Amino acid sequence: MTKAAPRTGGIPGRRSLRPLAAVLAATAVSLTGTRVSAIALPWFVLVTTGSATQTGLVAFCEMTPYVVVKALTGPLVDRVGPRVVSWTTDSLSAVAAGLVPLLYALDLLPFWLLLALVAVIGAVRGPGDLAKEIMVPEAAERSAVPLERATGISGVTERLASTVGPAAGGALVALLGPQAGLVVNAACFALGSVIIGLALPRGMGHAAECPAPPEGGKEPGYWRRFGEGFTFLRGEPLLLTIIVTVGITNLLDAAFMTVLVPVWAKESGGGPAAIGLISSVAGITAVLGSLVAAAVAHRLRRRLVFFAGFLIVGAPRFLVLASGAPMWAVLVVFAVGGFGGGFLNPILGAISFERVPRQLLGRVRALGDSLAWAGIPLGGLLAGAAVASFGLVPVLVAGGAAYFLTTSLAGLRPEWREMDRLRGAGRAPYEEASVAGGPSTSPHADGPVRPDAGHGATAGAREKEMPRSGP
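K.L.:
Go over the overall build of the protein chain with me, naming the residues and quoting the values.
P.N.:
Regarding its fold elements, the protein chain presents 19 helices and zero strands. As presented, the protein chain carries roughly 18,000 Å² of accessible surface, and 69% of it is formed by carbon and sulfur atoms.

This is how it looks when you write it as structure tokens:
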């Protein structure tokens, strides 16, 4: 009897990069569309309403459903399989995103309907992003690529999307208006759905096999599956500490990108082209940082790189805008910060993937991501109200100070030592792990972190991964 071929690409004796390439391509196009929309949508609201508060409200209505639905759909993704969830949600996102410019052109888009459509986009994008994230380990395995290198390449992909998206978004909005950027967003979601549906190897992205229930017993239900993910995460001090840290920085990143930067661009006279320029410069250097991380991250001390990256990518961006510095100085600060941020998500993503059993990956990452992103819906809302009350410069200074204190004080926690001490230890297979009794001692963020992974996030907000940083 012949043995089954190893899951490295589906062809015995031959390495194929198709699984990893397909997942990364789908991620790239959907994130590119999201980054275009991240410029087009706030600018659309700002120029049509003239209100920073309403601009923040739109961001709130997108990210609140994103966080809540993503947290609740982890068990569904694990049970149904990430492939089906990914192409289905991308299709729905394409329809909802396409309706915004269409209805506006027909003069049928009141503000309440815009909020509703944005909420739908956020609600379906959450599980769609989650599904693509958790296919990375399987794609790496099938492509015979080391996990830490695969997460590094994934970080490069995200950074490229964060570079191309803002550049394209800024140019489209400046030349053709924000509606053109929203059309591109819808087209990118549609293309991502096609890639996942047709380009992935047959048999990939299906539900992971779980232990058979006891004889006569029933398969675990939704809440039992949800509880298993929560129990596992509760027993991981390092992951919980990462989640809290990334959660605060994600809130600040969301406030920065969705409200503070657009208001700065409007008041300084730079307009959407300035937003696209600074985002693209940061994205290019972040790509370089992610490439370096993919090549050498396995040799670096994770803890040192993590906090150095946050120190560089965090507070300086707020302070340089508050100082009224010339554009060349702003670009230098964003370029240096982007390079430092490029190291974050690859390292944090590897931590998550190596610590969480494959069968629990959807549930644990859904909970971790959602908790880390819980402040993002409030970021734009609070920033809009703060700018209306105190003005732009005081809010930028306060945001930079909060960023610095968060990432500096967090480094004093003892859990961070596990980033290097337990490096590469990995988790036992699900069948051998005691989930019901609590996880065995063994710790994501991509954020930033990723984080995204999200800035995600490695993070910055582009949304940091286990938790990802960045909106």
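K.L.:
Give a description of the packing of aromatic side chains that names residues and reports values.
P.N.:
By the definition in use, this model includes five aromatic pairs. Taking the centre distance of 5.0 Å and the plane angle of 85 degrees together, the rings of F44 and Y104 count as edge-to-face. One end of the pair, F44, is in helix α1 (residues 18-49); the other, Y104, is in helix α4 (residues 82-105), with 60 residues separating them in the sequence. Summarising the aromatic geometry, the rings of F256 and F334 are spaced 6.1 Å apart at their centres and angled 25 degrees between planes, so their arrangement reads as stacked. Within this pair, whereas F256 is found in helix α10 (residues 237-268), its partner F334 is found in helix α14 (residues 327-341), the two being separated by 78 residues in sequence.

K.L.:
Explain the environment of A40 residue by residue, including any values.
P.N.:
Of note, A40 is situated in helix α1. Under the relative-accessibility criterion, A40 is labelled buried at 0%. Expressed as a C-alpha distance, the spacing of A40 and A171, which sit 131 residues apart in the sequence, is 10.0 Å. Excluding residues that lie within four positions of it along the chain, A40 makes contacts with V173, P178, G181 and L182.

K.L.:
Account for the pattern of salt bridges, naming residues and giving values.
P.N.:
Opposite charge on two side chains permits pairing when their charged atoms draw close. Applying the stated criterion across every chain yields a total of six salt bridges. The network of salt bridges with shared partners includes E62, R125 and D129.

K.L.:
How would you summarise the nonpolar core if you had to cite specific residues and measurements?
P.N.:
One recurring pattern in soluble globular proteins: nonpolar side chains tend to sit buried together. Core analysis: the biggest nonpolar cluster contains 77 residues, and L114, L260, W264 and L321 have the highest contact counts within it. With 15 residues, the single largest contributor to this core is α10. With 16 residues, the next largest nonpolar core counts V23, L24, M135 and A140 among its residues.

K.L.:
Describe the packing of α4 against helix α8 (residues 178-198), with residues and values.
P.N.:
For the pair α4 and α8, the least separation of the axes is 8 Å and the interaxial angle reads 160 degrees. The orientation of α4 relative to α8 falls into the category roughly antiparallel. As α4 packs across α8, the resulting crossing turns out to be left-handed. Of the residues in α8, those in contact with R83, S86, W87, D90, S91, S93, A94, A97, G98, V100, P101 and Y104 of α4 are Q179, L182, V183, N185, A186, F189, A190, G192, S193, I196 and G197. Grouping the constituent residues of the contact of α4 with α8 by class yields 12 nonpolar, nine polar and two charged.

K.L.:
Tell me what's going on with the environment of S323, and back it up with residues and numbers.
P.N.:
By secondary structure assignment, the location of S323 is in the loop between α13 (315-322) and α14. Taking the relative accessible area as the measure of exposure, S323 reaches 51% and is therefore exposed.

K.L.:
Quick one: what's the story with a nonpolar patch on the surface, residue by residue and with numbers?
P.N.:
A cluster of nonpolar residues, L311, I312, W328, V332, V336, F404, L405, L409 and L412, forms a patch on the protein surface that exposes about 940 Å² of accessible area. Put simply, the parts of the chain that give the nonpolar patch at least two residues each are α12 (302-313), α14 and α18 (392-410). Mapping L412 onto the fold places it in the loop between α18 and α19 (418-421).

K.L.:
Summarise the confidence of the model for the protein chain; cite the residues concerned and give the values.
P.N.:
Taken as a whole, the protein chain shows an average pLDDT of 75; of its residues, 77% reach a score of 70 or greater. Put simply, α19 is where the protein chain has its lowest mean pLDDT, 62, and α13 is where it has its highest, 91. Every residue in residues 1-13 scores below 50 in pLDDT, and together they form 13 contacts with partners more than four places removed in sequence or on other chains. Across residues 424-468, confidence stays below pLDDT 50; counting only partners more than four residues off in sequence or on other chains, it has 286 contacts.

K.L.:
Please give an account of the packing of α13 against α18 that cites residues and values.
P.N.:
At a minimum axis separation of 8 Å, α13 and α18 run at an interaxial angle of 160 degrees. In terms of their interaxial angle, α13 and α18 are classed as roughly antiparallel. Along this stretch, α13 crosses α18, giving a crossing that reads as left-handed. For the pair α13 and α18, the contacting residues are A315, R317, F318, L319, L321 and A322 in the first and V393, L396, V397, G399, G400, Y403 and F404 in the second. Counted by class, the contact of α13 with α18 contains 10 nonpolar, two polar and one charged residues.

Criteria and thresholds
- Residues numbered from 1 in each chain as written.
- Predicted model: local features only at pLDDT ≥ 70, side-chain atom pairs only at ≥ 80, totals over all residues.
- Heavy atoms only, no water.
- Helix = DSSP H or I, 4+ residues; strand = E, 2+ residues; numbered from the N terminus.
- Areas by Shrake-Rupley, 256 points an atom, 1.4 Å probe, with all protein chains shown as cover.
- Phe/Tyr/Trp six-rings, centres within 6.5 Å; stacked < 30°, edge-to-face > 60°.
- Buried < 20%, exposed > 50% of the residue type's maximum accessible area, 1.4 Å probe, protein only.
- Contact = heavy atoms within 4.5 Å.
- Salt bridge = Lys/Arg side-chain N within 4 Å of Asp/Glu carboxyl O.
- Core = buried A, V, L, I, M, F, W, Y, C linked by side-chain atoms within 4.5 Å.
- Axes fitted to C-alpha atoms, helices over the stretch in contact; angles between N-to-C directions.
- Parallel < 35°, antiparallel > 145°, perpendicular 65-115°, else oblique.
- Left-handed = near helix turned anticlockwise from the far one by under 90°.
- Nonpolar A, V, L, I, M, F, W, Y, C, P; charged D, E, K, R; others polar.
- Patch = residues over 30% accessible without salt bridge, like charges linked within 9 Å, V, L, I, M, F, W, Y side chains within 5 Å.
- pLDDT = per-residue confidence, 0-100.

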